[in-house]
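Descriptive analysis of the structure
Okay, here's what each chain looks like letter by letter:
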Amino acid sequence: MSIKKSTLTTSAGMPVSDDINSMTAGKQGPALIQDIHLLDKLAHFDRERIPERVVHAKGAGAFGYFEVTKDLTRYTRADFLSQVGKRTEVFTRFSTVGGEKGSADSERDPRGFAVKFYTHEGNYDFVGNNTPVFFIRDPLKFPDFIHTQKRHPAKNTKDANMFWDFLSLTPESIHQVTVLFSDRGTPSDYRHMNGYSGHTYMWYNAKGEHFWVKIHFKTEQGIKNLTREESTKLAGQDPDHATRDLYESIEKGDYPSWRVYVQIMTPDQVAKYKYDSFDITKVWPHSDAPLQEVGVMVLNRNPINYFAEVEQAAFSPGNFVPGIGPSPDKMLQGRLFSYHDTHRHRLGANYHLIPVNSPKGAMENSYQRDGQMRTDNNGAEGPNYYPNSFDGPLPDPGVGMPSIDISGIAARHAYTLSDIDFVQAGNLYKSVMTDLDRDHLIGNIVSHLRNAQKRIQFRQTALFYKANTDYGIRVAQGLNLNIEEVKHLASVTQEERVNATKG
Ligand code: NDP
């Protein structure tokens, strides 16, 4: 007898006769272990949760396409960028960073901006943020940094002392702190914000010449942000507002789009550049490296199932295609390990077989075998070792990255903090922000930093003063701090500042 499509079954496909009443011995029970359907249902329910992402836990996603609008093949051989008009299917996931899976979309936080391009040369993942810089520039600091953005170990609450203690002891964060506490730290939703690679990446062309690039996705909906008051109100009234906004706008055919640009520098320009071009706490000013258009991304299809396609989506900045590669940026190098590692923990060794993660334009042809949830034919009868003489897949030396000259002493090289680390935060405050932006920035900082201990307020405010004197004075005024003391703390070294503000 074939089973009708409408018939309820167990997970093994057996028709179920009753989904309301457990099988019991007598009217009152006890329940019988032979009720396979009850056991199947409860046992699966007990296993519904997979580990939450440590960061970027709350997110929303959608499918769409990327279309090439300008020819940049002189810089990259990437096939998906090879022709104007060429379209590649994409899946994009937006997220907050520090909040848990049930946290509010409107919280002050950077926003994750991750795009999976299903190219004919395998999946290429862009894993960026809505901010062009980051708080730290060494991956060894990352777990500590994230701990300070999460919950206090005893109180299990967010904690302003942890938050500002770490940041004020990590002065390279000043640029990102300034972006985060501007209204761009509370974007109105996921459609009205930009995406930035932050990191520098390598592009290389068919001749094997390489270039260094930063990638920018600029919203075509326009930038829209929430004020502090609006974001606080929304967190209570509609904590899923950005998730809903993305879904509903696509559902009604109002497809969001982003124009994609690259900034490009030659190896020679990078070698002579005034900043360390691989330092993720800094941007490349547009006047030094103008934006060059490359394409447009349009999101036009909602996921059919959130868990299957968004919760299980696994991005990695280590998913490259020929024509794109990593840079020496230390933070990026840490991420190249950590993303794949996280997915193996959350989803298992074969997470690449989950449909949203598996290549669509290409096929996997590797010697990796077995492992939990190996759901394809596992390489069938093909050889499972290399080299072999049984027609197994062969490496193609033609697709390798160009060789680059790297040498140096193996050591724990420290970045030396210098005045140059404060310049771009100062430029943002002084030259990019409007009077209203500055008013909001100061108000946003004061309302948060006032919850930290006074000595931490002093240490952090000295950093604002170092970025721009007006910036520091206004924060000091908002916190009722002695301005002469702030000026003094700004004039000494970080070590002296830390010593003067010890607990
Ligand atoms: P430009 O005047 O050419 O560009 C200013 C940039 O600042 C624009 O990309 C703008 O984004 C962005 N911006 C505006 N308000 C804010 C804000 N509150 N937070 C973050 N970004 C904002 O200047 P430069 O290229 O010389 O850079 C000056 C400063 O602008 C930098 O120090 C950096 O802080 C900031 N910036 C620079 C970027 C870059 O890649 N060069 C990227 C983003 C910020 P939009 O065009 O979308 O409005």
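Residues numbered from 1 in each chain as written. Predicted model: local features only at pLDDT ≥ 70, side-chain atom pairs only at ≥ 80, totals over all residues. Heavy atoms only, no water.

1. Digging into the domain arrangement of the chain
In terms of domain boundaries, the chain breaks down into domain 1 (1-48), domain 2 (59-135 + 186-353) and domain 3 (142-169 + 419-503). A straight line from the C-alpha centre of domain 1 to that of domain 2 covers 44 Å. (Domains from an automatic or database assignment.)

2. Let's talk about the nonpolar core
Core analysis: the largest hydrophobic core is formed by 46 residues, its most contacted members being Trp164, Phe464, Tyr471 and Val475. Mapped by element, the contributors of at least two residues to this core are α2 (142-149), α3 (160-168), α4 (174-180), α10 (420-432), α11 (435-449), α12 (454-467), α13 (469-479) and α14 (483-491). Top element by residues in this core is α12. It accounts for seven residues. Formed jointly, this core draws a minimum of three residues from each of two domains, domain 2 (59-135 + 186-353) and domain 3 (142-169 + 419-503). In contact with Tyr471, other than residues within four places in its own chain, are Thr178, Tyr429, Leu441, Ile442, Ile445 and Phe464. (Core = buried A, V, L, I, M, F, W, Y, C linked by side-chain atoms within 4.5 Å. Buried < 20%, exposed > 50% of the residue type's maximum accessible area, 1.4 Å probe, protein only. Helix = DSSP H or I, 4+ residues; strand = E, 2+ residues; numbered from the N terminus. Contact = heavy atoms within 4.5 Å.)

3. Observations regarding the site of the ligand
Within the structure, the ligand sits among 18 residues, and His175, Arg184, Asn194, Lys218 and His286 are positioned closest to it. His286 has a polar side-chain atom sitting 2.7 Å from an oxygen atom of the ligand. Note that an oxygen atom of the ligand is positioned 3.2 Å from one of the backbone N or O atoms of Gln424. When the ligand is considered free in solution it has 780 Å² of accessible area, and contact with the protein chains removes 76% of it. For the shell around the ligand, the secondary-structure elements that each account for two or more residues are α4, β7 (210-219) and α10. It is α10 that contributes the most residues to the shell around the ligand, three residues altogether. Here the shell around the ligand is composed, by residue class, of nine nonpolar, seven polar and two charged. A domain split of the shell around the ligand shows at least three residues from each of domain 2 (59-135 + 186-353) and domain 3 (142-169 + 419-503). (Near = heavy atom within 4 Å. Polar contact = N/O pair within 3.5 Å; in protein donor to acceptor, adjacent residues only side chain to side chain. Areas by Shrake-Rupley, 256 points an atom, 1.4 Å probe, with all protein chains shown as cover. Nonpolar A, V, L, I, M, F, W, Y, C, P; charged D, E, K, R; others polar.)

4. As for the pairing of strand β2 (residues 87-96)
In terms of residue burial, β2 counts as a mostly covered element, since eight of its 10 residues are buried. Where strand β1 (residues 59-68) meets β2, nine bridges bridge the pair, whose relative direction is antiparallel. Among the inter-strand pairings, Glu67 is bridged to a residue of β2, identified as Arg87. One ladder, built from seven bridges, connects β2 with strand β3 (residues 111-119); its direction is antiparallel. Within the sheet, the bridge partner assigned to Thr96 lies in β3 and is Arg111. (Pairing = 2+ DSSP bridges.)

5. A word on the packing of aromatic side chains
As enumerated under the stated definition, the model contains 31 aromatic pairs in all. Centroid distance Phe91 to Phe315: 6.1 Å. Interplanar angle 10°. Geometry classified as stacked. Taken together, the positions of Phe91 in strand β2 and Phe315 in the loop between α8 (306-311) and β10 (324-325) put the pair 224 residues apart, joining distant regions of the chain. Exposure class is identical for Phe91 and Phe315. Each is buried. Seen in terms of ring centroids, Phe464 and Tyr471 are 4.8 Å apart; in terms of plane orientation they differ by 35°. Their pairing is tilted. Owing to a relative accessible area of 0%, Tyr471 belongs among the buried residues under this scheme. Among the aromatic side chains, those forming a connected cluster through ring pairs are Phe94, Phe113, Phe126, Tyr190, Phe217 and Trp258. One cation-aromatic arrangement involves Arg137 over Tyr415; the distance from NZ or CZ to the ring centre is 4.2 Å. Positioned over the ring face of Phe422 is Lys466, at 5.0 Å from the centre of the ring. (Phe/Tyr/Trp six-rings, centres within 6.5 Å; stacked < 30°, edge-to-face > 60°. Lys NZ or Arg CZ within 6 Å of the ring centre and 35° of its normal.)

6. A word on unusual backbone geometry
Residues Gly29 and Pro30 are joined by a peptide bond in cis, for which omega reads 5°. Tracing the backbone through its elements, the reader meets Pro30 in the segment before α1 (36-46). Cis geometry is found at the peptide bond from Tyr386 to Pro387, where omega equals 5°. Positive phi outside glycine occurs at His56, with the angle close to 65°. Here His56 lies in the loop between α1 and β1. Residue class for His56 comes out buried when judged on its relative accessible area of 15%. One non-glycine residue, Asn378, lies in positive phi territory at about 60°. Within the fold, Asn378 resides in the loop between α9 (330-347) and α10.

7. Some points on the side chain of Arg137
Looking at where Arg137 falls in the secondary structure, it is placed in the loop between β4 (122-129) and α2. Residue classification places Arg137 among the buried residues on the basis of a relative accessible area of 4%. Within the local environment of Arg137, its side chain forms a polar contact with the side chain of Asp279, the two groups lying 2.8 Å apart. Here Asp421 takes part through its side chain, which lies 2.9 Å from a polar atom of the side chain of Arg137. Ignoring any residue separated from it by four or fewer positions in sequence, one finds Arg137 in contact with Glu172, Asp279, Ile280, Thr281, Lys282, Lys330, Met331, Tyr415, Leu417 and Asp421.

8. Considering the packing of α12 against α14
Following both chains from N to C, one finds α12 and α14 inclined at 70°, their axes separated by 8 Å at the closest point. Classified by the angle between their axes, α12 and α14 sit roughly perpendicular to one another. Contact residues: α12 offers Phe458, Thr461, Ala462, Tyr465 and Lys466, while α14 offers Glu485, Val486, Lys487, Leu489 and Ala490. (Axes fitted to C-alpha atoms, helices over the stretch in contact; angles between N-to-C directions. Parallel < 35°, antiparallel > 145°, perpendicular 65-115°, else oblique.)

9. Let's talk about the pattern of salt bridges
According to the stated counting rule, one finds 34 salt bridges in the structure shown. Taking the shortest distance from any N to any O, the salt bridge between Arg137 and Asp421 comes out at 2.9 Å. Separated by 284 residues along the polypeptide, Arg137 in the loop between β4 and α2 and Asp421 in helix α10 bring together distant segments of the chain. Each member of the pair, Arg137 together with Asp421, is buried. (Salt bridge = Lys/Arg side-chain N within 4 Å of Asp/Glu carboxyl O.)

10. Some remarks on α11
Over its 15 residues, α11 runs 21 Å from end to end, which matches the ideal 21 Å to within 8%, given 1.5 Å per residue. What α11 keeps buried is the set Arg438, Leu441, Ile442, Asn444, Ile445, Val446 and Leu449. Packing partners of the buried residues in α11 comprise α3, α4, α5 (228-237), α10, α12 and α13. (Expected span 1.5 Å × (residues − 1).)

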